[in-house]
Structures are given as structure tokens and as C-alpha cells.
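Geometric and topological summary
So you can see what is in the structure, the chains are spelled out below.
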Amino acid sequence: MKSRDTLFIGFTLFALFFGAGNLIYPVSLGIESGTSYVAAISGFVLTGVGLPIITVAAISLVKNGAIQLAGRVHPLFGLYFTAMVYLVIGPFFAIPRAANVAFETGVVPFLNGSPLTLFIYSIIFFALVFLVSLNPSKLVDRIGQFLTPALFLAILGLVIGSFFLLDGPIQSPGEKYASQPFFAGFIEGYLTMDAIASLAFGIIVVTSFRDRGVTNPKELTIRTLKAGLVTAVGLASVYVAIGWIGAKMATEGNFANGSAILSGAAQLMYGQPGTLLLGVIVALACFTTCVGLTVACGQFFSKRISGLSYKVVITVVTLISLGISNIGLNQIIAYSVPVLVFVYPITIVLVALTFMGGLFNHSRYVYRGAVIFTSFVALYDGLAAFGMDMSGITPWISQLPFFDLNLSWIAPAIIGGLLGALIQFIKGQTSASESYQN
């Protein structure tokens, strides 16, 4: 192993993470948070950067990736939870979202954004995704090697331009960021999906190091953290830069979503050429992301469902993604939020328990207690975010610590873990007593 190998793997991880959500959410946060931008983006970076890197490090501590990590609760939970993660980062949310961001950025500024245009575009887009996914070879990797620097240069051009060509004053924060901007940004970081994507991408990083001869568990974790640091610097820099563009665009009109904000900024600063360049680069970034996620889903499900070939799985994935992409970007974002609000706390708890597992010998009872208690509150939060009437439960849930910060699952997770430890202790005492009597 050489230092440049770690650097290269860090760049690879950045390319895996960098997709649609990494572009549209920071710029939306910037335009909404206004003068509270620094606090808001700090919270966003914590969950949008810190949590994914820690999750990748947690994957390096287990041999079989996310299935083993979640399987400490129960083998079936490990399988079903990991399958749900692949569906979330695959055809149900991340792939259609990436396709829509490419449409909003690369097509809408030049053609009308009608449903018919979106439908025709999505057929062409997913036909290409399917064809490349059939035999991806090294095509996506090669595109990514050139695409990442190009995307950085395009963003750098936008950021530099924003300092000189966007002179609108920073506005007061919107309602979401008025009182607790840091924690609002923290929750907004969920929407990148990177922490749950880490459950799938982590094994790629670990395998890359093992292929280069790193077998010692401690060294593997250290190398993973170093590569993660490279990725973290890149992601954090992009988030802060793009978010600042959003903050400067607040007086330039009303925008439907983050994609429209970026396109508007490019148009204001550099005219049609700037919009065209940004659209092409973002479209390529989103395309390679969609191919990568389609391939990942194809490999995962074809290996675990007998009778399903890789080709059948990617066919189903592209067809579902095509259908969902036609409901539009704003609708995809709206219905993804409740699911992410439910999945993220469980992911955070699993990762935290992985690092603390030495304290309780990775007892299944601790994992089960913490995850079950977390799931109840996370399910409430998800249903509430979905718009269901939870008035019968809210008075009880609102008594939990950190409820106002949307982090009410923390106390139940701790209580559930402690109860699990107590059960483990009692069972251990019982087993010791029975052994003594025998």
C-alpha cells in the first residue's frame, strides 16, 4: 500500500457518494437559511459528511458488510433491513431523483419541462442506464475519473462567480431555520441518503484495501478512515460552496428546488454557455450514479434471491425507476422524507453500537433493545412527516428529550440498549447458576 492508493480510494468513494442529493440540498439550505447559514451548513455537514464516513469505518469492522452489521439484531433483520437500504438508494428514491436532477438541470433550461418531455427524456435516459449496466466494465470508473475534476471546476467557477457576479444581500432565515438552524441542517443532511448509501458503498472501500494486501483489522480501519478523510474534505468543500451560492440567490426570484437554483445561478453569471456546461456535467454525474446504483442493486438481489438473474433485476430496477421518475423531482423529495426520517435513526444506532460493541461483547439483546425502541419513535416521526394524524400519540412522544430538535429517538435508544444489557446480564447469571448446580 502506498499513500496514493489511499488517496485514490478516497476519490473513488467521493465519486460514489457524489450524486443528485449532494447538489440540490445544500443550495436549497443556503437559500432558506440566509443569515443562519453557518450554523445550518454545520449541522448539514455533520450528517451529510461525518455520518457517512463513520458508517464506512463501521463497515470495515465487520467481514460481511451491512448484512452482518444489521444481522447482530437478527439474521432476518440484517437481510431485510439491508434490502430496504438498497431499494431506498436504488429504484424507489435515489435513482429517480438523480434522473430528475439531470432533467431539471440539463433539459428544462433549454426545453419545456412538460410531463411529455420528462417522459421521453426518462425513456432515453433509462434505456442508456440499462444498456451500460448490462456490462458496465470500467466505463463508469473512467468517466468518473474525468468527471469529478470537471465537476469540481464547474462548481469552483460558480462559487468564484457568486462572489463577484451575485451581489444580492443575504436574507433573514426562513421558518425552518429561524430557531434551531444547526439541528434543522442536521436533519436536512438525512436527505443526501449518503449515510445509508455507506452501508452499500463501505464494502467496496474495504474490498479495495483488502485487494491491496491490507488484512490486519486495525490497519484496515485506519486506512478506511484516512480514505474517508479525503472524501470528507471534498464533500464538505462542495457543500459549503454550493450552499453559499444558494444564500446569494435569495433575492433573485422563486425557485422550485435546488436544481433550479443552480441553473438560475449559472444563467445569471455566465449566460446560456454556463447553463449548458453545468447541465452537461450534472447530467453525466447523475447518469454514472444511476448506473452504479443499478449495478449494485442487480448484484445484491441476484445473489440473494434464487431464480433471479442479474439481467432480470436490473430490468426491474430501471423500469421502476423510470416510472417513479415521471412523478417529478418535488414529489420524489416529498415522499422520500418520511422514509429517510425512519431509516436514519436506526442506521445511526447500528453504527454507534458497532463502535461500542466491545463494552457489551456485541450482545444481541443490546442491539435488539436499542433498535426496537428506536424503531418505535422513528416510525412515529416518519408517519408524522408523511402527514398522518398522530395527535393521539404526540402528547406522549413530545415528553421525550430532544423532541423539539426532531431527535426524540435518542433517549429510547439508550433505554432499549440498557434493558438489553440487563437481560443479557440476567441470562448470564442464570447460565452461571445452572452450570454451578450441574
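1. Some details on the overall build of the chain
When you go through the chain residue by residue, the secondary structure sums to 17 helices and zero strands. In terms of C-alpha radius of gyration, the chain reaches 22 Å, essentially the compact-globule figure of 22 Å for 438 residues. Dimensions of the chain, computed from the C-alpha atoms along their principal axes, are close to 85 × 50 × 45 Å. Taking all 438 residues of the chain together, the buried fraction comes to 52%. A sequence separation of at least 24 residues applies to 80% of the contacts in the chain between residues at least 6 apart. Accessible area of the chain: about 19,700 Å², with a carbon and sulfur share of 67%.

2. Brief notes about the packing of helix 12 (residues 258-304) against helix 13 (residues 310-325)
Relative to each other, helix 12 and helix 13 sit at 130°, their axes nearing to 8 Å. Classed by the angle they form, the pair helix 12 and helix 13 counts as oblique. The chirality of how helix 12 crosses helix 13 is right-handed. Taken together, the residues of helix 13 that come into contact with helix 12 (itself represented by Thr294, Val295, Cys297, Gly298, Gln299, Phe301 and Ser302) are Tyr310, Val313, Ile314, Val317 and Thr318. Across the contact of helix 12 with helix 13, the residue classes break down as seven nonpolar, five polar and no charged.

3. Things to note about the packing of aromatic side chains
Tallied over the full model, the rule gives 16 aromatic pairs. With a centroid separation of 5.2 Å and 90° between ring planes, the pair formed by Phe182 and Phe183 is classed as edge-to-face. Take Phe182: its relative accessible area is 30%, and that puts it in the partly exposed class. The exposure class of Phe183 is partly exposed, given its relative accessible area of 26%.

4. With respect to helix 14 (residues 329-356)
The first and last C-alpha atoms of helix 14 sit 39 Å apart over 28 residues, in line with the 40 Å expected at 1.5 Å per residue. Maximum bend of helix 14: about 30°, positioned at Val337, with proline Pro338 one to four residues after it.

5. A short note on the confidence of the model for the chain
Per-residue pLDDT for the chain averages 86, and the proportion of residues at 70 or more is 95%. Here helix 8 (residues 139-165) is the element of the chain with the lowest mean pLDDT, 72, and helix 13 is the one with the highest, 94. Here residues 432-438 scores under 50 on pLDDT; set against residues more than four positions off or in separate chains, the count is zero contacts.

6. Observations concerning the state of the cysteines
Per the stated rule, a full pass over the model turns up zero disulfides. Summary of cysteine pairing: Cys290 is not part of a disulfide, and the nearest cysteine sulfur, belonging to Cys286, is at 6.6 Å. Just so you know, Cys297 is unpaired, no disulfide at all, and the nearest cysteine sulfur is the one on Cys290, 11 Å from it.

7. A look at the side chain of Thr275
With respect to the element layout, Thr275 can be found in helix 12. Not counting the four nearest positions on each side in its chain, Thr275 is found in contact with Thr105, Pro109, Phe110, Ser263, Ala266 and Gln267.

8. Let's talk about the packing of helix 3 (residues 37-59) against helix 11 (residues 217-248)
Closest axis-to-axis distance for the helix 3/helix 11 pair is 9 Å, and the angle between their directions is 155°. When the interaxial angle is binned, helix 3 and helix 11 end up roughly antiparallel. Where helix 3 crosses over helix 11, the handedness of that crossing is right-handed. On the side of helix 3, the interface is formed by Tyr37, Ile41, Phe44, Val45, Gly48, Val49, Ile53, Val56 and Ala57, while helix 11 contributes Thr224, Leu225, Gly228, Thr231, Ala232, Leu235, Ala236, Tyr239, Val240, Gly243 and Trp244. When the residues that make up the contact of helix 3 with helix 11 are grouped by side-chain class, the tally is 15 nonpolar, five polar and no charged.

9. Details of the environment of Asn330
On the secondary structure map, Asn330 appears in helix 14. Accessibility expressed as a relative area gives 36% for Asn330, which makes it partly exposed. Separated by 158 residues in sequence, Asn330 and Ser172 have C-alpha atoms that sit 24 Å apart. Excluding its chain neighbours within four sequence positions, the residues that come into contact with Asn330 are Ala256 and Asn257.

10. Quick word on the pattern of salt bridges
Pairing of side chains with opposite charge becomes possible as their charged atoms draw close. Throughout the structure, instances matching the rule amount to three salt bridges. Here Glu32 ties to Lys176 by a salt bridge, and the two come within 3.7 Å at their closest N and O atoms. Of the two residues, Glu32 sits in helix 2 (residues 21-33) while Lys176 sits in the loop between helix 8 and helix 9 (181-188), which places them 144 residues apart along the sequence. Under the relative-accessibility criterion, Glu32 is labelled partly exposed at 31%. Taking the shortest distance from any N to any O, the salt bridge between Glu219 and Arg223 comes out at 3.7 Å. On the criterion of helical spacing, the pair formed by Glu219 and Arg223 is a turn pair, its members being four residues apart in helix 11. The class of Glu219 is partly exposed, set by a relative accessible area of 35%.

Thresholds applied
Residues numbered from 1 in each chain as written. Predicted model: local features only at pLDDT ≥ 70, side-chain atom pairs only at ≥ 80, totals over all residues. Heavy atoms only, no water. Helix = DSSP H or I, 4+ residues; strand = E, 2+ residues; numbered from the N terminus. Rg over C-alpha atoms; globule rule 2.2 N^0.38 Å. Buried < 20%, exposed > 50% of the residue type's maximum accessible area, 1.4 Å probe, protein only. Contact = heavy atoms within 4.5 Å. Areas by Shrake-Rupley, 256 points an atom, 1.4 Å probe, with all protein chains shown as cover. Axes fitted to C-alpha atoms, helices over the stretch in contact; angles between N-to-C directions. Parallel < 35°, antiparallel > 145°, perpendicular 65-115°, else oblique. Left-handed = near helix turned anticlockwise from the far one by under 90°. Nonpolar A, V, L, I, M, F, W, Y, C, P; charged D, E, K, R; others polar. Phe/Tyr/Trp six-rings, centres within 6.5 Å; stacked < 30°, edge-to-face > 60°. Expected span 1.5 Å × (residues − 1). Bend = angle between axes of the 7 residues up to and from the residue. pLDDT = per-residue confidence, 0-100. Disulfide = S-S within 2.5 Å. Salt bridge = Lys/Arg side-chain N within 4 Å of Asp/Glu carboxyl O.

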